Amino acid sequence: MLASESADISAMIGLIGTEDFGRALDRMLRSVTGFDLSVVFAYPYDARPIVLHDGYTAKVSASALSAYLGGAYLLDPFYVACCAGQPAGLWRMRELAPDQFFQSDFSSSAEVHPCVSMESGVLVEEVGFVIPLDGGLQATYSLMRGRGGEPFSEAELARLRVYEPIVREAIRSNWRQRGQTVAPPPSEEGDDDAMEAAFESLCSDRLTKQQRNIVRLILRGHSNLSIGKVMNIAEGTVRIHRKNIYRRLGISSQGALFRIFIDHLNGRQLY
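For clarity, every value in this text was computed on a predicted model and none was experimentally measured. All chains use their own residue numbering, which begins from 1 and follows the written sequence. Given that the model is predicted, a residue must reach a pLDDT of at least 70 before its local features are reported, and side-chain atom pairs must reach 80 or more before they are shown or counted; all residues, however, enter totals for whole chains, interfaces and linings. Water and hydrogen atoms were dropped before computing side-chain values, which therefore reflect all heavy atoms in the structure.

Would you explain the overall build of the chain in this entry?
Only runs of H or I of at least four residues qualify as helices and only runs of E of at least two qualify as strands under DSSP, and these elements are numbered from the N terminus. Within the chain, the secondary structure is distributed over twelve helices and seven strands. Burial analysis of the chain (271 residues in total) assigns 49% to the buried set. Partitioning the contacts of the chain with sequence separation of at least 6, the portion at a separation of at least 24 is 63%. Values of accessible area rely on a 1.4 Å probe in the Shrake-Rupley scheme; residue burial ignores everything except the protein chains shown. In the form shown here, the chain has an accessible surface area of approximately 12500 Å², with 51% of it arising from carbon and sulfur atoms. Only protein chains enter the area calculation, which uses a 1.4 Å probe; residues under 20% of their type maximum are buried, those over 50% are exposed, and those in between are partly exposed. Any two residues having at least one pair of non-hydrogen atoms within 4.5 Å are treated as being in contact.

Next comes the structure, spelled out in structure tokens:
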């Protein structure tokens, strides 16, 4: 077993900086535990995610990836966590997602996250390595299991965590060797971020700033209770705001709200 693991690790190291690196990375971890799909995204400041390894396109539609890169990544729990400074390590998506993310219309839509959704049903589970890159930005290396499989067991996660330092440093080294750089982080946080500005401008002619902030949290999968805690307002007040938001937009469901958001992204030129 040790000889086989050493061979997989050495093969992966030998391919750092090449087009075959991602596939070698997958082969190394498949010797530890099984998974169906994988992807590595880097999250630059004020720009679309960068696909560093595509291990799912054969099973997920190209339109899903296009929608994700076009702005729906703003709803991805891994993206949100990375922007919030999530510590490096291996995480289950459900550890990072808001309380109602997996009960929402969004988690089963290919337009939310191509890794979360396959055809008409969600994946059994997604776990991801959060990896700090040079310049202060972060990447995620996600491993996914499709329907018909089982969630990752604690024993499997423990085995994957043994490989976490290897995965982390290999992806960091590959980033450097491929010469990938990004613009420096903005000097100030706030509404100047062009990606987050998609939320700020969403139905700005019909919704107040507070209502748009509530829409942001609804879209990301927060319940009324969770929204109330984040915004320091009563749960009942959130329900009233939600009712007024739907009335102003002429809709009656979260699914319709999500459709408005996707159409809004498609109408914006995001870079």
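What is the right way to look at helix H9 (residues 209-219) in this model?
The α-helix advances 3.6 residues per turn, and as a result positions three or four apart in sequence lie on the same side. Of all eleven residues in H9, eight are buried, a share of seventy percent or more. Every buried residue of H9 is listed here: Gln 211, Arg 212, Ile 214, Val 215, Arg 216, Leu 217, Ile 218 and Leu 219.

Sorry if this is basic, but what is going on with the environment of Glu 156 here?
On the secondary structure map, Glu 156 appears in helix H6 (residues 154-162). Since its relative accessible area comes to 14%, Glu 156 is described here as buried. With near-sequence residues (within four places) excluded, Glu 156 lies in contact with Thr 33, Arg 145 and Pro 151. A polar contact is formed between the side chain of Glu 156 and the side chain of Arg 145, at a distance of 2.8 Å. We define a polar contact as two N or O atoms separated by no more than 3.5 Å, with the added condition that, inside protein, one atom must be a possible hydrogen donor and the other a possible acceptor, whereas residues neighbouring each other in sequence contribute only through side-chain atom pairs. Polar side-chain contacts of Glu 156 include one of 2.8 Å to the backbone nitrogen of Ser 153.

Can you walk me through the environment of Arg 206 in this structure?
Mapped onto the elements of the fold, Arg 206 is located in the loop between helix H8 (197-201) and H9. Between the alpha carbons of Arg 206 and Leu 249 there is a distance of 7.3 Å; along the sequence they are 43 residues apart. Ignoring any residue separated from it by four or fewer positions in sequence, one finds Arg 206 in contact with Gln 211, Arg 248 and Leu 249.

How do you make sense of the packing of aromatic side chains when you look at a structure like this?
For any pair of aromatic rings, the description consists of the separation of the ring centres together with the inter-plane angle of the planes. Only rings of Phe, Tyr and Trp enter the pairing, Trp through its six-membered ring, and a pair is recorded when the two centres are within 6.5 Å. The plane angle decides the type: under 30 degrees is stacked, over 60 is edge-to-face, the rest tilted. Under the defined criterion, the tally for this structure stands at four aromatic pairs. Plain terms: the ring middles of Tyr 73 and Tyr 79 are 5.0 Å apart, the flat faces sit at 80° to each other, and that makes the pair edge-to-face. Taken as a pair, Tyr 73 and Tyr 79 share a single burial class, namely buried. In textbook terms, an aromatic cluster arises when at least three aromatic residues are bridged by ring pairs, as seen for Phe 41, Tyr 43, Tyr 73 and Tyr 79. The positively charged end of Arg 30 is found above the aromatic ring belonging to Phe 35, 4.2 Å away from the centroid. Working rule: Lys NZ or Arg CZ, within 6 Å of ring centre, within 35 degrees of ring normal, means a charge sits over the ring. The ring centre of Phe 152 lies 4.1 Å from the NZ or CZ of Arg 145, which sits over that ring.

Got a minute to help me understand the environment of Gly 22 in this structure?
Its location among the elements puts Gly 22 in helix H2 (residues 21-30). Along the primary structure Gly 22 and Gly 55 are separated by 33 residues, whereas in three dimensions their C-alpha atoms are 7.8 Å apart.

It is not clear to me how the pattern of salt bridges should be interpreted in this structure. Could you clarify?
A side chain with one charge can pair with a side chain of the opposite charge if their charged atoms come near. Any Lys or Arg side-chain nitrogen found within 4 Å of a carboxyl oxygen on Asp or Glu counts as a salt bridge. This model, assessed by the stated rule, comprises 13 salt bridges. Residue Arg 239 is joined to Glu 235 by a salt bridge in which the shortest nitrogen-to-oxygen separation is 3.6 Å. Taken together, the positions of Arg 239 and Glu 235, both in helix H11 (residues 235-249) and four residues apart, correspond to about one turn of that helix. On the basis of relative accessible area, Glu 235 is assigned to the partly exposed category, the value being 36%. Three or more residues are tied together by salt bridges with common partners; here these are Asp 134, Glu 164, Arg 168, Glu 169, Arg 172 and Arg 176.

Honestly, unusual backbone geometry in this entry has me stumped. Any pointers?
Excluding glycine, residues mostly have negative phi values, and the peptide bonds linking residues are mostly trans. We note that Cys 203 has phi near 50°; this positive angle belongs to a residue other than glycine. If you trace the backbone, Cys 203 turns up in the loop between H8 and H9. Residue class for Cys 203 comes out buried when judged on its relative accessible area of 8%. A positive phi angle is found at Asn 232, which is not glycine, with a value near 60°. Counting through the fold element by element, Asn 232 comes out in the loop between helix H10 (224-231) and H11.

Function-wise, these values are silent; they only describe arrangement.
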